[in-house]
Amino acid sequence: MSPPTGSPPDDSAAQRPDFANVPPTDLVKVGFVFRAHGLDGELKVDPSATGDPARFEALPRVFVGPHPSRVTRHAIASVRYQQTKRGTTVLLGLDGIANRDDAEAVAKMDVFATEEALGLEDDELFAHDLVGWTAVTEDGVVQGTVANFMEMPAQDLFVVRTPEDAEVMIPAIDDFIIEIDEEAERIVVRPIDGLMDA
């Protein structure tokens, strides 16, 4: 297999001709590389960003890098699973990552896929699709507009910009996100004391 190819996204990447030429806005995070696994280039990947580890089996390729604008393209060679205390870990084999040194070079990087490759069920949305939606309480009180979605190590966060032009963080978990109303393009939140205070 030939190594991943593409055009560098900026001048600072001019020495790295292997960066994939794909618009960062087309990419969705699907995993995080913990570390190398074994000697043959397998990667231990946290698949929690997908909500379904088996989704990797349907992907023809992924993009690996520290940021969506600085990724390399790799065809998927193999997908295995390992049960750990944290849940299911994906053992991912990728073309172009053939040994432990290759695998260690991408440790602690993110794994992305294109929206087109991921596909969506009728009732599925990507979290970043909610940017621009209105955030309201269960009583219908407007809290602001979803300005961003941040994938963090501890827990993912919605960034809501309030009518006072302040930003507040809402954890993207069921305790705080009560409902996602696609028809009305709003999320219903249950803030605790101080959560929505700027």
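Residues numbered from 1 in each chain as written. Predicted model: local features only at pLDDT ≥ 70, side-chain atom pairs only at ≥ 80, totals over all residues. Heavy atoms only, no water.

Draft legend 1. View of the overall build of the protein chain. What the protein chain contains, in helices and strands, is two helices and 12 strands. The order of helices and strands in the protein chain, counted from the N terminus, is β-β-β-β-β-α-β-α-β-β-β-β-β-β. Out of the 198 residues belonging to the protein chain, those deemed buried represent 37%. Restricting to contacts in the protein chain with at least 6 residues of sequence separation, those with at least 24 account for 49%. (Helix = DSSP H or I, 4+ residues; strand = E, 2+ residues; numbered from the N terminus. Buried < 20%, exposed > 50% of the residue type's maximum accessible area, 1.4 Å probe, protein only. Contact = heavy atoms within 4.5 Å.)

Draft legend 2. Representation of the pairing of strand S2 (residues 42-46). Among the five residues that make up S2, four are buried, leaving the element largely enclosed by the rest of the structure. Here five bridges tie strand S1 (residues 27-37) to S2, and the two strands are oriented antiparallel to one another. Bridging across to S2, Ala36 finds its partner in Leu43. The turn joining S1 and S2, which pair antiparallel and follow one another in sequence, is formed by four residues; a positive phi near 75 degrees is taken by Gly38. Strand direction decides the pairing type here: S2 and strand S5 (residues 87-94), joined by three bridges, are antiparallel. Of the residues in S5, the one forming a bridge with Lys44 is Leu91. (Pairing = 2+ DSSP bridges.)

Draft legend 3. Examining unusual backbone geometry more closely. Phi at Asp165 is positive, roughly 70 degrees, even though this residue is not glycine. Assignment of secondary structure puts Asp165 in the loop between strand S9 (157-161) and strand S10 (167-171). Residues other than glycine seldom take positive phi values, yet Glu185 does so here, at roughly 50 degrees. Residue Glu185 is classed as partly exposed on the basis of its relative accessible area of 46%.

Draft legend 4. Spatial organisation of the environment of Gly51. Inspection of the secondary structure assignment puts Gly51 in the loop between S2 and strand S3 (61-67). Once the C-alpha coordinates of Gly51 and Val30 are considered, the two residues, 21 residues apart in sequence, prove to be 8.6 Å apart.

Draft legend 5. A look at the sheet that holds strand S7 (residues 134-137). If you walk across this open sheet you meet the six strands as S10-S9-S8-S7-S12-S11, and the pairing is mixed. The open sheet has two edge strands, S10 and strand S11 (177-181), and neither has a second partner. Across the sheet, the mean angle separating the axes of adjacent strands is 35 degrees when strand polarity is ignored. As paired strands, S9 and S10 are joined by five bridges and run antiparallel to one another. Bridging across to S10, Val160 finds its partner in Val168. (Axes fitted to C-alpha atoms, helices over the stretch in contact; angles between N-to-C directions.)

Draft legend 6. Representation of the nonpolar core within the structure. If you look at the biggest cluster of nonpolar residues, it comprises 20 residues, and the most contacted ones within it are Leu43, Val45, Phe56, Val62, Leu92 and Leu94. Take this core: its biggest share by element is four residues, from S1. With sequence-adjacent residues up to four places away left out, Leu94 is seen in contact with Leu43, Val62, Val64, His74, Ala75, Ile76 and Ala77. With 13 residues, the next largest nonpolar core counts Val146, Phe149, Val160 and Phe176 among its residues. (Core = buried A, V, L, I, M, F, W, Y, C linked by side-chain atoms within 4.5 Å.)

Distances and angles like these do not, on their own, reveal function.
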